[in-house]
Amino acid sequence: MTSNRTAPAEFDRRQNRAGFRDAVPAAIALVVAEVVVASLNLHARSNRWHIAVALIPLIPACWLGWALWRMLRRSDEFQRVAHLEALAIGFAVAMLAALTGGLLHAADVGSTAQWLQITFIGGILAWVVALALRLRR
Amino acid sequence: MDNRLRELRAIRKWSQAELADRLDVSRQTVNAIETGRYDPSLPLAFKIADVFAQPIESIFQPAAQTALDRTQLGSAKGI
(Lines give C-alpha, C1' and ligand atoms only; values in the text may rest on other atoms or scores of the structure.)
Protein backbone atom coordinates (compact mmCIF):
# COMPACT_ATOMS: atom_id res chain seq x y z
CA MET A 1 0.00 0.00 0.00
CA THR A 2 1.47 3.33 -1.03
CA SER A 3 1.24 6.14 1.47
CA ASN A 4 1.72 9.85 1.28
CA ARG A 5 2.69 9.80 4.95
CA THR A 6 3.71 13.11 6.31
CA ALA A 7 6.83 11.73 8.01
CA PRO A 8 9.76 13.73 6.73
CA ALA A 9 12.38 12.24 4.46
CA GLU A 10 16.00 12.12 5.63
CA PHE A 11 16.67 15.19 3.47
CA ASP A 12 13.99 17.14 5.38
CA ARG A 13 15.26 16.00 8.76
CA ARG A 14 18.82 17.01 7.86
CA GLN A 15 17.62 20.36 6.59
CA ASN A 16 15.45 21.05 9.64
CA ARG A 17 18.28 20.22 12.04
CA ALA A 18 20.74 22.47 10.21
CA GLY A 19 18.19 25.28 9.82
CA PHE A 20 17.36 25.13 13.53
CA ARG A 21 21.06 25.17 14.44
CA ASP A 22 21.72 28.20 12.20
CA ALA A 23 18.63 30.35 12.68
CA VAL A 24 17.54 29.94 16.30
CA PRO A 25 20.67 31.42 17.98
CA ALA A 26 20.59 34.31 15.49
CA ALA A 27 16.90 34.99 16.14
CA ILE A 28 17.43 34.87 19.91
CA ALA A 29 20.43 37.20 19.61
CA LEU A 30 18.33 39.63 17.54
CA VAL A 31 15.50 39.71 20.11
CA VAL A 32 17.97 40.10 23.00
CA ALA A 33 19.82 42.93 21.22
CA GLU A 34 16.55 44.75 20.44
CA VAL A 35 15.27 44.37 24.00
CA VAL A 36 18.55 45.42 25.63
CA VAL A 37 19.02 48.45 23.39
CA ALA A 38 15.38 49.54 23.74
CA SER A 39 14.90 48.85 27.46
CA LEU A 40 18.15 50.44 28.62
CA ASN A 41 17.49 53.43 26.38
CA LEU A 42 21.04 53.02 25.14
CA HIS A 43 20.39 54.87 21.91
CA ALA A 44 19.35 58.05 23.68
CA ARG A 45 21.07 61.08 22.21
CA SER A 46 22.75 61.80 25.57
CA ASN A 47 24.88 58.71 25.02
CA ARG A 48 28.07 59.49 23.10
CA TRP A 49 27.83 56.26 21.19
CA HIS A 50 24.11 56.45 20.46
CA ILE A 51 24.43 55.81 16.71
CA ALA A 52 26.71 52.79 17.17
CA VAL A 53 24.46 51.44 19.93
CA ALA A 54 21.30 51.94 17.86
CA LEU A 55 22.87 49.84 15.10
CA ILE A 56 23.88 46.93 17.37
CA PRO A 57 20.81 44.82 16.39
CA LEU A 58 22.15 44.89 12.82
CA ILE A 59 24.80 42.34 13.84
CA PRO A 60 22.35 39.53 14.71
CA ALA A 61 20.15 40.66 11.78
CA CYS A 62 23.10 40.00 9.44
CA TRP A 63 23.64 36.67 11.21
CA LEU A 64 19.99 35.83 10.47
CA GLY A 65 20.54 36.82 6.83
CA TRP A 66 23.53 34.47 6.70
CA ALA A 67 21.34 31.67 8.15
CA LEU A 68 18.78 32.35 5.41
CA TRP A 69 21.51 32.20 2.77
CA ARG A 70 22.68 28.83 4.11
CA MET A 71 19.11 27.57 4.14
CA LEU A 72 18.80 28.53 0.45
CA ARG A 73 22.06 26.74 -0.34
CA ARG A 74 20.83 23.57 1.39
CA SER A 75 17.45 23.59 -0.37
CA ASP A 76 16.72 21.23 -3.23
CA GLU A 77 15.71 22.61 -6.61
CA PHE A 78 11.96 22.89 -5.95
CA GLN A 79 12.45 24.49 -2.54
CA ARG A 80 14.99 26.95 -3.95
CA VAL A 81 12.53 28.13 -6.62
CA ALA A 82 9.80 28.42 -3.96
CA HIS A 83 12.09 30.39 -1.62
CA LEU A 84 13.18 32.78 -4.37
CA GLU A 85 9.60 33.34 -5.56
CA ALA A 86 8.48 34.02 -1.99
CA LEU A 87 11.40 36.41 -1.45
CA ALA A 88 10.47 38.24 -4.67
CA ILE A 89 6.87 38.61 -3.48
CA GLY A 90 8.05 39.81 -0.04
CA PHE A 91 10.36 42.33 -1.74
CA ALA A 92 7.54 43.62 -3.98
CA VAL A 93 5.21 44.02 -0.98
CA ALA A 94 7.93 45.82 1.02
CA MET A 95 8.61 48.18 -1.91
CA LEU A 96 4.91 48.93 -2.34
CA ALA A 97 4.51 49.48 1.41
CA ALA A 98 7.53 51.82 1.41
CA LEU A 99 6.10 53.81 -1.51
CA THR A 100 2.66 53.94 0.12
CA GLY A 101 4.21 54.97 3.44
CA GLY A 102 6.25 57.69 1.74
CA LEU A 103 3.22 59.10 -0.05
CA LEU A 104 1.05 59.02 3.07
CA HIS A 105 3.82 60.47 5.21
CA ALA A 106 4.04 63.36 2.74
CA ALA A 107 0.32 63.84 3.37
CA ASP A 108 1.07 63.95 7.13
CA VAL A 109 -0.38 60.53 7.88
CA GLY A 110 1.62 58.49 10.42
CA SER A 111 5.27 58.79 11.39
CA THR A 112 8.40 57.56 9.63
CA ALA A 113 8.99 54.96 12.34
CA GLN A 114 5.45 53.58 11.95
CA TRP A 115 5.77 53.29 8.19
CA LEU A 116 9.17 51.61 8.46
CA GLN A 117 7.73 49.05 10.87
CA ILE A 118 4.72 48.45 8.60
CA THR A 119 7.06 48.02 5.60
CA PHE A 120 9.31 45.56 7.46
CA ILE A 121 6.49 43.49 8.95
CA GLY A 122 4.49 43.56 5.69
CA GLY A 123 7.48 42.34 3.69
CA ILE A 124 8.26 39.53 6.12
CA LEU A 125 4.60 38.46 6.34
CA ALA A 126 4.18 38.43 2.56
CA TRP A 127 7.36 36.36 2.22
CA VAL A 128 6.31 33.80 4.87
CA VAL A 129 2.74 33.45 3.53
CA ALA A 130 3.93 33.12 -0.08
CA LEU A 131 6.44 30.45 0.97
CA ALA A 132 3.85 28.51 2.98
CA LEU A 133 1.44 28.55 0.02
CA ARG A 134 4.13 27.44 -2.44
CA LEU A 135 5.41 24.62 -0.21
CA ARG A 136 2.01 23.36 0.88
CA ARG A 137 1.51 19.61 0.59
CA MET B 1 4.41 17.99 -18.29
CA ASP B 2 2.71 14.77 -17.20
CA ASN B 3 4.47 12.02 -15.30
CA ARG B 4 3.91 8.51 -13.97
CA LEU B 5 5.73 9.06 -10.70
CA ARG B 6 2.78 8.25 -8.42
CA GLU B 7 1.95 5.13 -10.43
CA LEU B 8 5.54 3.85 -10.40
CA ARG B 9 5.86 4.60 -6.70
CA ALA B 10 2.62 2.73 -6.00
CA ILE B 11 3.90 -0.35 -7.86
CA ARG B 12 6.98 -0.40 -5.61
CA LYS B 13 4.91 0.36 -2.49
CA TRP B 14 7.13 3.30 -1.61
CA SER B 15 5.95 6.28 0.37
CA GLN B 16 6.77 9.78 -0.83
CA ALA B 17 9.37 10.04 1.94
CA GLU B 18 11.03 6.78 0.81
CA LEU B 19 11.22 8.00 -2.78
CA ALA B 20 12.53 11.36 -1.55
CA ASP B 21 15.28 9.52 0.36
CA ARG B 22 16.29 7.63 -2.79
CA LEU B 23 16.40 10.86 -4.80
CA ASP B 24 18.00 12.90 -2.00
CA VAL B 25 15.35 15.60 -2.24
CA SER B 26 12.62 16.77 0.13
CA ARG B 27 9.24 15.04 0.37
CA GLN B 28 7.67 18.35 -0.72
CA THR B 29 9.55 18.08 -4.00
CA VAL B 30 8.28 14.56 -4.68
CA ASN B 31 4.74 15.71 -3.88
CA ALA B 32 5.06 18.79 -6.10
CA ILE B 33 6.29 16.68 -9.04
CA GLU B 34 3.56 14.07 -8.58
CA THR B 35 0.81 16.68 -8.43
CA GLY B 36 2.19 18.49 -11.48
CA ARG B 37 3.00 21.66 -9.56
CA TYR B 38 6.66 21.40 -10.46
CA ASP B 39 8.58 20.01 -13.44
CA PRO B 40 11.94 18.60 -12.35
CA SER B 41 15.24 19.70 -13.84
CA LEU B 42 16.90 17.39 -16.34
CA PRO B 43 19.45 16.02 -13.80
CA LEU B 44 16.64 15.19 -11.34
CA ALA B 45 14.51 13.67 -14.11
CA PHE B 46 17.44 11.41 -15.04
CA LYS B 47 17.89 10.48 -11.38
CA ILE B 48 14.19 9.55 -11.19
CA ALA B 49 14.53 7.45 -14.33
CA ASP B 50 17.55 5.75 -12.78
CA VAL B 51 15.73 5.01 -9.49
CA PHE B 52 12.82 3.43 -11.36
CA ALA B 53 15.14 1.79 -13.94
CA GLN B 54 13.02 3.12 -16.78
CA PRO B 55 13.79 5.35 -19.75
CA ILE B 56 13.09 8.98 -19.00
CA GLU B 57 10.52 9.29 -21.80
CA SER B 58 8.43 6.51 -20.30
CA ILE B 59 8.09 8.49 -17.07
CA PHE B 60 7.77 12.05 -18.35
CA GLN B 61 5.68 13.11 -21.30
CA PRO B 62 4.57 16.48 -22.60
CA ALA B 63 0.99 17.22 -21.54
CA ALA B 64 -0.12 17.52 -25.17
CA GLN B 65 1.42 14.14 -25.97
CA THR B 66 -0.54 12.45 -23.19
CA ALA B 67 -3.78 14.09 -24.35
CA LEU B 68 -3.04 12.94 -27.92
CA ASP B 69 -2.35 9.39 -26.72
CA ARG B 70 -5.68 9.35 -24.87
CA THR B 71 -7.51 10.64 -27.97
CA GLN B 72 -5.90 7.99 -30.15
CA LEU B 73 -6.69 5.32 -27.58
CA GLY B 74 -10.30 6.54 -27.47
CA SER B 75 -10.55 6.41 -31.29
CA ALA B 76 -9.07 2.92 -31.35
CA LYS B 77 -11.65 1.77 -28.83
CA GLY B 78 -14.38 3.52 -30.78
CA ILE B 79 -15.18 5.90 -27.94
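Computed from a prediction, not measured in an experiment: that's the story for all the values here.

So, about the confidence of the model for chain B. Residues and elements named next belong to chain B. In the predicted model, chain B carries a mean pLDDT of 87, and 80% of its residues have values of at least 70. Taking the mean pLDDT of every element in chain B, the minimum, 63, falls on helix H6 (residues 63–76) and the maximum, 96, on helix H4 (residues 42–52). Overall fold confidence (pTM) sits at 0.76, and the ipTM for the predicted complex is 0.76.

One recurring pattern in soluble globular proteins is that nonpolar side chains are buried together. Counting 27 residues, the largest nonpolar core has Leu5, Leu19, Leu23, Ile33, Ile48, Phe52 and Ile59 of chain B as the members making the most contacts within it. At the level of secondary structure, the elements contributing two or more residues to this core comprise helix H4 (77–106) and helix H5 (112–134) of chain A together with helix H1 (5–12), helix H2 (16–23), helix H3 (27–34) and H4 of chain B. When residues of this core are assigned to their parent elements, the largest contribution, 5 residues, is made by H4 of chain B. If we ignore the near neighbours within four places in the chain, the residues touching phenylalanine 52 of chain B are Leu5, Leu8, Arg9, Arg12, Trp14, Leu19 and Ile59 of chain B.

On to unusual backbone geometry. We note that aspartate 108 of chain A has phi near 65°; this positive angle belongs to a residue other than glycine. As for its position among the elements, aspartate 108 of chain A is in the loop between H4 and H5. Among the residues examined, aspartate 108 of chain A registers a relative accessible area of 71% and is labelled exposed. With phi around 60°, lysine 13 of chain B is a residue other than glycine that occupies positive phi space. Its place among the elements puts lysine 13 of chain B in the loop between H1 and H2.

Calculation rules
- Residues numbered from 1 in each chain as written.
- Chains lettered and ligands numbered in written order.
- Predicted model: local features only at pLDDT ≥ 70, side-chain atom pairs only at ≥ 80, totals over all residues.
- Heavy atoms only, no water.
- pLDDT = per-residue confidence, 0-100.
- Helix = DSSP H or I, 4+ residues; strand = E, 2+ residues; numbered from the N terminus.
- Core = buried A, V, L, I, M, F, W, Y, C linked by side-chain atoms within 4.5 Å.
- Buried < 20%, exposed > 50% of the residue type's maximum accessible area, 1.4 Å probe, protein only.
- Contact = heavy atoms within 4.5 Å.

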